[in-house]
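# Structural description and commentary
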Amino acid sequence: RVAMAALRLAAYSLVFVAAVCAESQFQTLAHLRPLVSDEEQTKAVRELLSRLLGPRAPDFLLTVNRSMPGPEEQERFELRTLPDGRLFVLGSTGVAAATGLYRYLTTFCRCHISWSGDQLSLPSPLPAVPQPRRVTSPNRFRYYQNVCAYSYSFVWWDWERWEREIDWMALSGINLPLAFTGQEAIWQMVYISLGFNQTEIDNFVVGPAFLAWGRMGNMHSWAGPLPNSWKKNQLNLQHQILQRMRSLGMLPILPAFSGFVPGAIRRLFPEENITRLGSWGHLNCSYSCSFLLDSKSSLFQKIGKMFLLELVKEFGTNHIYSADTFNEMTPSSSDPKYLSTTSNAVFKSMTQGNVLKIISSIFF
C-alpha cells in the first residue's frame, strides 16, 4: 500500500510539473540557464584549474563561450592542441569546460580524481590532441546528490571540503545539484514571524545528524535544539556554496515547503485541520508522528510562500526547488485524489513564492 501510494503520488507529481509550466509564461525550460556571464564562468573554471593542477595549470587554456557552435540547449566542449603545445578547452558553460578538461586528463593523461584520492601526474610535454574534438552532452540536466546525504556526510563539511566537492561536480559534468545547506536559519525567521516562541521552535527541530529526516517530516524533537551560532555558520556556508556553484554555470536546487509544521501550531491556529501521521523508524510519537497541514488550507500556501520569499531574499534563485512529503511514510489516504491534492498544494506554494519562474521537483 505504501509503495503504491508513493508511485501514485510520483505519477501525479509529473502531471503537475507539466501543469505548472503550462500555467506560467514559460512554455519551455529555455529560461533555466546560468545566471552569470561567460567571463565570470571563465574566471571560475580557470581558478578550478589552478586548484587542481597547480604549477601545471599554465599548460592549459580554458574559456567559456555560450555561443560556441552546437545545439544551444545542450552543453558542449571542444578540445584542441594549440601551436605552442598548450591544451585549449572551449566550453559552453563553466561546467562544460571543466568536463572537457577532465575528459582530456582521463583520456590522454590517464589521470583520475575521486573522493578517495587523485592521480594527477601529468606527462611533459602534454599529449597532443590529433584533431579538434567536440563533444555535446545528450542530456540537458545532470542531477546530483540525495537529500539524505546532507545528514550522512555534508552537514559535517567545512568550506574546504565543499570547494573540493563542487570542483569534482564540475569536472564530472554535474549542472543540477541540490543545495539544502542553511535552510534552518530561514525556517527560524518564518516560525518567529508566524508567532511561534523560541521554546516551541527548539522543541521541534532535530540535531545536525538528523536534519534530512526532520526536513522530510520523518522525525522531530530528536537531538536538538540547534545553536544560533551553528545556524549562522550554515547560512554563511550556503552563500559560499551557491556562489561557487553558480559561478561555474550550475543551477542549484533549493528547498521548498512540504507541509510539515511544529506541533505547537495548534496553539496558534486551533481551527486548522492538521493530520498526524504514523510513526517512523521505530520512534515513538514523542519524536515522530509528524504534523501535516491540510493541503486545502490557506495556511499551507501562506507558510510555503513565506518560506520561499525569505529563501530567495537571502540566497537568490535559479527557479528550481525540491520538497518531500511522504518519504518512507504512509499517507493518511491512498486515494489518488488525496495524493494529487497534496502534490498540487506543494506546487502551488512554490509558484506563489516566485510567480511564473519556476520548475518544481519532488523526490520520493
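Let me begin by describing the structure that accompanies this report. (Residues numbered from 1 in each chain as written. Predicted model: local features only at pLDDT ≥ 70, side-chain atom pairs only at ≥ 80, totals over all residues. Heavy atoms only, no water.)

Another point: the sheet that holds strand β2 (residues 76-81). Pairing between the strands of a sheet comes from backbone hydrogen bonds, and it takes one of two forms, parallel or antiparallel. An order of β1-β3-β2-β6 is seen for the four strands of this open sheet, with the pairing classed as mixed. Two strands bound the open sheet, and with one partner strand each, they are β1 (60-64) and β6 (133-136). Between one strand axis and the next, the sheet turns by 15° as a mean value, whatever way the strands run. In terms of strand pairing, β2 meets β6 through four bridges, oriented antiparallel. Within the sheet, the bridge partner assigned to Phe77 lies in β6 and is Val135. (Pairing = 2+ DSSP bridges. Helix = DSSP H or I, 4+ residues; strand = E, 2+ residues; numbered from the N terminus. Axes fitted to C-alpha atoms, helices over the stretch in contact; angles between N-to-C directions.)

With that settled, consider the state of the cysteines. What makes a disulfide is a covalent bond joining the sulfur atoms belonging to two cysteines. Going through the model one piece at a time under the given rule, you end up with one disulfide. Put simply, Cys285 and Cys289 are joined by a disulfide, and their sulfur atoms are 1.9 Å apart. Across the disulfide from Cys285 to Cys289, rotation about the S-S bond amounts to roughly -60°, and the bridge is consequently left-handed. Accessibility expressed as a relative area gives 38% for Cys285, which makes it partly exposed. Cys109 carries a free sulfur, and the closest cysteine sulfur to it, the one in Cys111, is 5.2 Å from it. Relative accessible area serves as the criterion here: at 5%, Cys111 is assigned to the buried category. (Disulfide = S-S within 2.5 Å. Buried < 20%, exposed > 50% of the residue type's maximum accessible area, 1.4 Å probe, protein only.)

The sheet contact formed by β2 and strand β3 (residues 87-91) spans five bridges and is antiparallel. Its bridge partner lying in β3, Arg80 is registered against Phe88. What sits between β2 and β3 in their antiparallel hairpin is a turn of five residues, with Gly85 showing a positive phi close to 95°.

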